Amino acid sequence: MVAAASIGVSVKTLFIFLFWVMVAAFVYLFVFGDFFSCFDTHSRWFILMAADFTACTIPIVAWVYYKESSWIFAFIVMAAMYVLGSLVSLGYIVAQFYKLSHEEYLKDPLYFVLTRRQKSIRLLGVGSSDLYAS
């Protein structure tokens, strides 16, 4: 149990770091670079970049559709990922780590981040934290 929690802390820290690297890259691009010059649709690099990004995004979008109960929110996340790329996907993953309860974080944080959140059932004082305990 301690190993799972320490792996969860390491992965969460990695995604937070990567998120802030992407924020810094976007700020630099908007302040010092010409963001719209990369959208030349006649360029071979643009076609290759779009195909590569789509191939990498498909598994993440499938996971978001699986994880979210609202298909409208999942569609908004997918559309934002095509515009802002890794910034949105890393932000979504970091947000999933922050949604974990203390018990989930100690038990197996990677499992609870990757799987769909179950609705809590309250019958005779049994809550969602009691359902996950083994």
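Note that the structure is predicted; figures quoted are calculated from it, not measured.

A. Geometry of the overall build of the protein. Each helix and strand counted, the protein has seven helices and zero strands in total. Shown N-terminal to C-terminal, the secondary structure of the protein runs as helices and strands in the order α-α-α-α-α-α-α. Evaluated residue by residue, the protein yields a buried proportion of 26% over its 134 residues. If you take every contact in the protein between residues at least 6 apart in sequence, the share linking residues at least 24 apart comes to 63%. If you sum the accessible surface of the protein, you get close to 9500 Å²; carbon and sulfur atoms cover 72% of it.

B. Spotlight on helix α3 (residues 71-84). Given a rise of 1.5 Å per residue, 14 residues ought to cover 20 Å, and the 20 Å separating the end C-alpha atoms of α3 matches this to within 8%. Every buried residue of α3 is accounted for by A74, V77, M78 and M81. Buried positions in α3, seen along its axis, are confined to an arc of 100° and lie on one side of it. Note on α3: the residue one or two positions beyond its end, G85, has a positive phi of about 65°.

C. Molecular detail of the confidence of the model for the protein. Per-residue pLDDT for the protein averages 76, and the proportion of residues at 70 or more is 71%. Across the protein, the secondary-structure element scoring lowest on mean pLDDT is helix α7 (residues 128-132), at 49, and the one scoring highest is helix α4 (residues 86-98), at 88. Per-residue pLDDT stays below 50 along residues 121-134; that stretch engages in 14 contacts with residues further than four places along the chain or on separate chains.

D. Spatial organisation of the packing of aromatic side chains. Taken as a whole and judged by the stated rule, the model has three aromatic pairs. When the centroid spacing of 5.1 Å and the interplanar angle of 75° are considered together, the rings of Y111 and F112 count as edge-to-face. Positioned above the aromatic ring of Y98, the side-chain terminus of K12 is 4.1 Å from the ring centre.

E. View of the side chain of K67. Looking at where K67 falls in the secondary structure, it is placed in helix α2 (residues 44-67). No salt bridge is formed by the buried K67, whose closest oppositely charged neighbour, E68, lies at an N-O distance of 6.8 Å. Setting aside residues up to four positions removed in sequence, K67 forms contacts with Y92, Q96, F112, V113, L114, T115, R116 and R117.

F. The arrangement of the packing of α3 against α4 in detail. Close contact between α3 and α4 brings their axes to 6 Å; oriented N to C, the two are set at 135°. If you check the angle between α3 and α4, you find them oblique. Every residue of α4 that contacts α3 at F73, V77, A80, M81 and L84 is listed here: S86, L87, V88, S89 and Y92. Residue classes in the contact of α3 with α4 are distributed as eight nonpolar, two polar and no charged.

G. Inspection of a nonpolar patch on the surface at higher detail. Among the surface-exposed residues, V27, Y28, F30, V31 and F32 lie close enough to one another that they form a single nonpolar patch of about 580 Å² accessible area. Following the sequence through the fold, V31 ends up in helix α1 (residues 2-32). By relative accessible area, V31 is classed as exposed at 56%.

Rules behind the numbers
Residues numbered from 1 in each chain as written. Predicted model: local features only at pLDDT ≥ 70, side-chain atom pairs only at ≥ 80, totals over all residues. Heavy atoms only, no water. Helix = DSSP H or I, 4+ residues; strand = E, 2+ residues; numbered from the N terminus. Buried < 20%, exposed > 50% of the residue type's maximum accessible area, 1.4 Å probe, protein only. Contact = heavy atoms within 4.5 Å. Areas by Shrake-Rupley, 256 points an atom, 1.4 Å probe, with all protein chains shown as cover. Expected span 1.5 Å × (residues − 1). Arc of directions from axis to C-beta. pLDDT = per-residue confidence, 0-100. Phe/Tyr/Trp six-rings, centres within 6.5 Å; stacked < 30°, edge-to-face > 60°. Lys NZ or Arg CZ within 6 Å of the ring centre and 35° of its normal. Lys, Arg positive; Asp, Glu negative; His and termini not counted. Salt bridge = Lys/Arg side-chain N within 4 Å of Asp/Glu carboxyl O. Axes fitted to C-alpha atoms, helices over the stretch in contact; angles between N-to-C directions. Parallel < 35°, antiparallel > 145°, perpendicular 65-115°, else oblique. Nonpolar A, V, L, I, M, F, W, Y, C, P; charged D, E, K, R; others polar. Patch = residues over 30% accessible without salt bridge, like charges linked within 9 Å, V, L, I, M, F, W, Y side chains within 5 Å.

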